[in-house]
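# Structure at a glance
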Amino acid sequence: MTSSEHSPGTSDHTKLMQAAYAQALKSYREGGLPIGAVMVADGQIIGEGHNRRVQDGDPTAHGEMDCFRKVGRRPHYRDVTLYTTLSPCMMCAGTVVQFGIPRVVVGEDRSFPGNIEFLREHGVDVVLLEDAQCQQLMSRFIAEQPALWNEDIAGRERV
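Cut-offs applied
Residues numbered from 1 in each chain as written. Predicted model: local features only at pLDDT ≥ 70, side-chain atom pairs only at ≥ 80, totals over all residues. Heavy atoms only, no water. Salt bridge = Lys/Arg side-chain N within 4 Å of Asp/Glu carboxyl O. Helix = DSSP H or I, 4+ residues; strand = E, 2+ residues; numbered from the N terminus. Buried < 20%, exposed > 50% of the residue type's maximum accessible area, 1.4 Å probe, protein only. Phe/Tyr/Trp six-rings, centres within 6.5 Å; stacked < 30°, edge-to-face > 60°. Pairing = 2+ DSSP bridges.

A word on the pattern of salt bridges. Counted under the stated rule, the structure contains eight salt bridges. Of the charged contacts, one joins Glu-30 and Arg-52 as a salt bridge, the two residues approaching to 3.3 Å between their closest N and O atoms. Here Arg-52 lies in the loop between strand E2 (44-50) and helix H3 (53-56) and Glu-30 lies in the loop between helix H2 (10-29) and strand E1 (36-41), a separation of 22 residues in the sequence. Its relative accessible area of 37% is what places Glu-30 among the partly exposed residues. Through salt bridges that share partners, Glu-30, Arg-52 and Asp-56 make up one connected network.

Once that is clear, we can look at the packing of aromatic side chains. For the structure shown, the criterion picks out three aromatic pairs. Centroid distance Phe-68 to Phe-99: 5.9 Å. Interplanar angle 45 degrees. Geometry classified as tilted. Taken as a pair, Phe-68 in helix H4 (residues 63-71) and Phe-99 in the loop between helix H5 (90-98) and strand E4 (103-108) lie far apart in primary sequence, 31 residues in all. One aromatic cluster is present, built from ring pairs that chain together Phe-68, Tyr-77 and Phe-99.

Attention now goes to the pairing of strand E5 (residues 125-128). Bridge count between E4 and E5: four bridges; the pairing is parallel. Each residue of the ladder has a partner; that of Val-106, found in E5, is Leu-128.

Below is the structure:
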């Protein structure tokens, strides 16, 4: 079977990215970085999370990591798709590879190019949506909070 037989269609991607966006907006309203994520198995959301780095004072509390923590233990992740509003950093991309998540749907990579190629090189099917809502929220945040953005990710070199 091809990867398209396993992954949702474009309208499903849009609907599920909306759920990740809702998490990003939640973080933004809490004073954190507007990055959200949801995990999906069999077309159903099994967990959702948002960047909590500022809120919790935890540098590892990225949106994808919060989502992983909320999903908890699973016997495997081979039936999971991760939706994230922003291209994953190396920590989050490494976690995707570590646990064998086969698909990642990314809202946008203009604000931060992340590690899409790393994921693809490790066999992950990556779909880049270039979602306007995700781009606008991140651009708004960067303009409003440049020091916080630089503290988190923009001031770092990609590994």
